[in-house]
Amino acid sequence: MQVHSFLHSDTETYTHVLVDVQQQLCAIIDPVLDFDPKSGSTGTGSIDEVIDFVGEHHWELVYIIETHAHADHLSAAIHVKERLGGQLVIGKSITEVQKIFKQIFNLDTSFHTDASQFDILTDEDTVLALGSITITVMHVPGHTPADMAYIATDSEKTVVFVGDTLFAPDVGTARCDFPGGDAKTLYHSIQKILALPEDTMIYLCHDYPSQGRQHCPTTTVAAQKLGNIHVKDGINEAEFVQMRERRDATLEMPRLIIPSVQVNIDAGHLPKPEDNGTRYLKVPINVLGS
């Protein structure tokens, strides 16, 4: 098993490539589309580096895995699928997120909330095969209802891709104030991850390093239990919920939440062009963060 991580510097998001080198099979986890909110323009420069990397090694892409419907970057899943193929994977509770945001954005009847935009819907204990790598799925809601962690195991090691449930120990944990989020639920989801063997390598979706530290895509279960500022050993559920709710009340909405969610609940599809050939995103006024 190999894992290669690519930092999208603008959103501080990591896209990971999980590889069975012997069988030349891979999965791409959380691909990012470039987006300039000032101009409304998209680009594929960053994700094309990942695509070219896969192509240079002649790996076959089997899965494009979204750990959840992100609120801080637009998904590049459709671009990846057009270039490399592969099946698009997300947790089955994406339907809950679709229903919530269909109302918020008042999307018309052409937008379906049955997750039919995706190829594979995962649930607790779903197993995906990637050559000799077994990927076992863990439902870890709290940040959103649809967050999933993907535990990859082969004969040599186990790693887990945790999405936004956990960050580096000096950064803490995901916010829970988005529609459908819940701090108590997140606490219990994190405990499931921390019950994995202590040497399990955790691959992060984001890193927001404190001053003097470089971005890093990984940590371990042991490091989280020892030093995560929000949820290390000794912090109980009530303390975590109080901290998380107090902290969330001070946070601004992510700068890309409005374009990101609209695109990501639709599997990364941009809105269809209108009669003038231009695509448009909607902005709900006084709804999010109010």
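Use the structure listed above.
Only a predicted model underlies this, so the values are computations on that prediction, with no experimental measurement involved.

Describing the overall build of the protein
Line of reasoning, step 1. Scanning the protein for helices and strands turns up seven helices and 15 strands.
Line of reasoning, step 2. A compact globule built from 290 residues should have a C-alpha radius of gyration of about 19 Å, and the protein, at 18 Å, falls within 12% of that.
Line of reasoning, step 3. The long-range share in the protein, meaning contacts at least 24 apart out of those at least 6 apart in sequence, stands at 65%.
Line of reasoning, step 4. Accessible surface computed for the protein: about 13000 Å², of which carbon and sulfur atoms make up 49%.
Line of reasoning, step 5. Taking the average location of the 20 positive side-chain charges in the protein and that of its 40 negative ones, the two points are 5 Å from each other.

Focus: the packing of aromatic side chains
Line of reasoning, step 1. Summed over all chains, the structure comprises six aromatic pairs.
Line of reasoning, step 2. Arranged with centres 5.6 Å apart and planes meeting at 80°, the rings of phenylalanine 167 and tyrosine 208 form a pair that is edge-to-face. With phenylalanine 167 in the loop between strand E13 (158-161) and helix H4 (183-194) and tyrosine 208 in the loop between strand E14 (201-203) and strand E15 (218-220), this pair connects stretches of sequence that are 41 residues apart.
Line of reasoning, step 3. When its relative accessible area of 30% is taken as the criterion, tyrosine 208 is described as partly exposed.
Line of reasoning, step 4. Taking 5.6 Å as the distance between ring centres and 45° as the angle between the ring planes, the aromatic pair formed by tyrosine 187 and phenylalanine 240 counts as tilted. Pair noted here: tyrosine 187 is in helix H4 and phenylalanine 240 is in helix H6 (residues 237-248), with a separation of 53 residues, a long-range link.
Line of reasoning, step 5. On the basis of relative accessible area, tyrosine 187 is assigned to the buried category, the value being 11%.
Line of reasoning, step 6. Residue phenylalanine 240 is classed as buried on the basis of its relative accessible area, which comes to 0%.
Line of reasoning, step 7. Here the aromatic residues Phe6, Phe53 and Trp59 are joined through ring pairs into a cluster of three or more.

Re the sheet that holds strand E4 (residues 32-36)
Line of reasoning, step 1. Across the sheet, which stays open at both edges, the three strands sit in the order E5-E4-E7 with antiparallel pairing between neighbours. Looking at strand neighbours, the two that pair on one side only are strand E5 (41-43) and strand E7 (74-75), the edges of this open sheet.

Digging into the pairing of strand E11 (residues 133-139)
Line of reasoning, step 1. Here strand E10 (residues 127-130) pairs with E11 via four bridges, running antiparallel. Looking at E11, one finds that alanine 129 is bridged to threonine 134.
Line of reasoning, step 2. Where E10 folds back onto E11 in an antiparallel hairpin, the turn is made up of two residues, including glycine 131, whose phi is positive at roughly 60°.
Line of reasoning, step 3. Sheet analysis places E11 next to strand E12 (residues 148-153), joined by six bridges and oriented antiparallel. Paired with histidine 139 across the bridge in E12 is methionine 148.

A short note on the nonpolar core
Line of reasoning, step 1. Of all hydrophobic cores here, the largest spans 38 residues; its most connected members are Val17 and Ile94.
Line of reasoning, step 2. Element by element, the count of residues in this core is highest for helix H1 (residues 45-56), at five residues.
Line of reasoning, step 3. Listed in part, the 25 residues of the second largest apolar core include Val162, Phe167, Ala183 and Ile202.

What counts and how
- Residues numbered from 1 in each chain as written.
- Predicted model: local features only at pLDDT ≥ 70, side-chain atom pairs only at ≥ 80, totals over all residues.
- Heavy atoms only, no water.
- Helix = DSSP H or I, 4+ residues; strand = E, 2+ residues; numbered from the N terminus.
- Rg over C-alpha atoms; globule rule 2.2 N^0.38 Å.
- Contact = heavy atoms within 4.5 Å.
- Areas by Shrake-Rupley, 256 points an atom, 1.4 Å probe, with all protein chains shown as cover.
- Lys, Arg positive; Asp, Glu negative; His and termini not counted.
- Charge placed at Lys NZ, Arg CZ, Asp CG, Glu CD.
- Phe/Tyr/Trp six-rings, centres within 6.5 Å; stacked < 30°, edge-to-face > 60°.
- Buried < 20%, exposed > 50% of the residue type's maximum accessible area, 1.4 Å probe, protein only.
- Pairing = 2+ DSSP bridges.
- Core = buried A, V, L, I, M, F, W, Y, C linked by side-chain atoms within 4.5 Å.

Interpretation in functional terms is not warranted from these geometric data alone.
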